[in-house]
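Geometric and topological summary
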Amino acid sequence: MMDSNPQNSAEQIETVCIVGSGNWGSAIATLVGRNCMRLDNCETRVNMWVYEEEVQVEDGSTQKLTDVINTKHENVKYLPGISLPSNVVAVPDLAEACEGATLLIFVLPHQFLPKLLPTIRQASHPSCRGVSLIKGLGKFN
């Protein structure tokens, strides 16, 4: 009998999504992006969910943070001066970022999780796994 869980398959290709894009999330994205580029069992593209906000750029104008990250490959607000790999793609829509993900890496404040989890569950792969790099503890009812 064939096991329907793709995690048990040698042919499983990981689709990675980083949930969070602050200083810690962007720092982790540099490592995850590089590793996904070189590993055969990972999709090259790494989605990084970015809470959309406007940021001021060098010429004084404002742009969407996702646009800046995707063109400059740098999180100018939370990790300025550090280059992100070109395969790390900033995505402002959580469902789109998590679509089909087999591995989620959580790097956001713990208090945001309860509202995000229903969307993540709907969008990610049914056998998706998660890695928590979350700092902090919270009490949830």
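The structure reproduced in this document is the subject of the present report.

Secondary structure summary: the chain contains 4 helices and 7 strands in total. Shown N-terminal to C-terminal, the secondary structure of the chain runs as helices and strands in the order β-α-β-β-β-α-β-α-β-α-β. What you see for the chain is a C-alpha radius of gyration of 16 Å, in line with the 14 Å of a compact globule of 141 residues. Relative to its full complement of 141 residues, the chain shows a buried share of 41%. Relative to all contacts within the chain whose residues are 6 or more apart in sequence, the contacts with residues 24 or more apart total 68%. Approximately 8500 Å² of the chain is accessible, and the part contributed by carbon and sulfur atoms is 53%. Seen as two clouds, the 11 positive and the 15 negative side-chain charges of the chain have centres 9 Å apart.

It is worth spelling out helix H4 (residues 113-123) at this point. For H4, the complete set of buried residues consists of Leu113, Leu116, Ile120 and Ala123. The arc enclosing the buried residues of H4, seen along the axis, measures out at 90 degrees, which places them on a common side. Turned more than 90 degrees from where H4 packs its buried face, Lys115, Arg121 and Gln122 sit exposed. Where H4 is buried, its residues meet strand E1 (16-19), strand E2 (46-49), helix H3 (94-98) and strand E6 (103-106).

Turning our attention to the nonpolar core. Residues Val16, Ile18, Val32, Val46, Met48, Ile69 and Ile105 are the most contacted members of the largest nonpolar core, which totals 21 residues. Put simply, the parts of the chain that give this core at least two residues each are E1, helix H1 (23-38), E2, helix H2 (65-72), strand E5 (88-91) and E6. A per-element tally of this core places H1 first, with 4 residues. Setting aside its immediate chain neighbours within four residues, Val32 contacts Val16, Ile18, Val46 and Ile105. Counting 17 residues, the second largest nonpolar core, distinct from the first, contains Trp49, Val91, Leu108 and Ala123.

About the criteria used
- Residues numbered from 1 in each chain as written.
- Predicted model: local features only at pLDDT ≥ 70, side-chain atom pairs only at ≥ 80, totals over all residues.
- Heavy atoms only, no water.
- Helix = DSSP H or I, 4+ residues; strand = E, 2+ residues; numbered from the N terminus.
- Rg over C-alpha atoms; globule rule 2.2 N^0.38 Å.
- Buried < 20%, exposed > 50% of the residue type's maximum accessible area, 1.4 Å probe, protein only.
- Contact = heavy atoms within 4.5 Å.
- Areas by Shrake-Rupley, 256 points an atom, 1.4 Å probe, with all protein chains shown as cover.
- Lys, Arg positive; Asp, Glu negative; His and termini not counted.
- Charge placed at Lys NZ, Arg CZ, Asp CG, Glu CD.
- Arc of directions from axis to C-beta.
- Core = buried A, V, L, I, M, F, W, Y, C linked by side-chain atoms within 4.5 Å.

So far we have only geometry, and geometry alone does not tell us how the molecule works.
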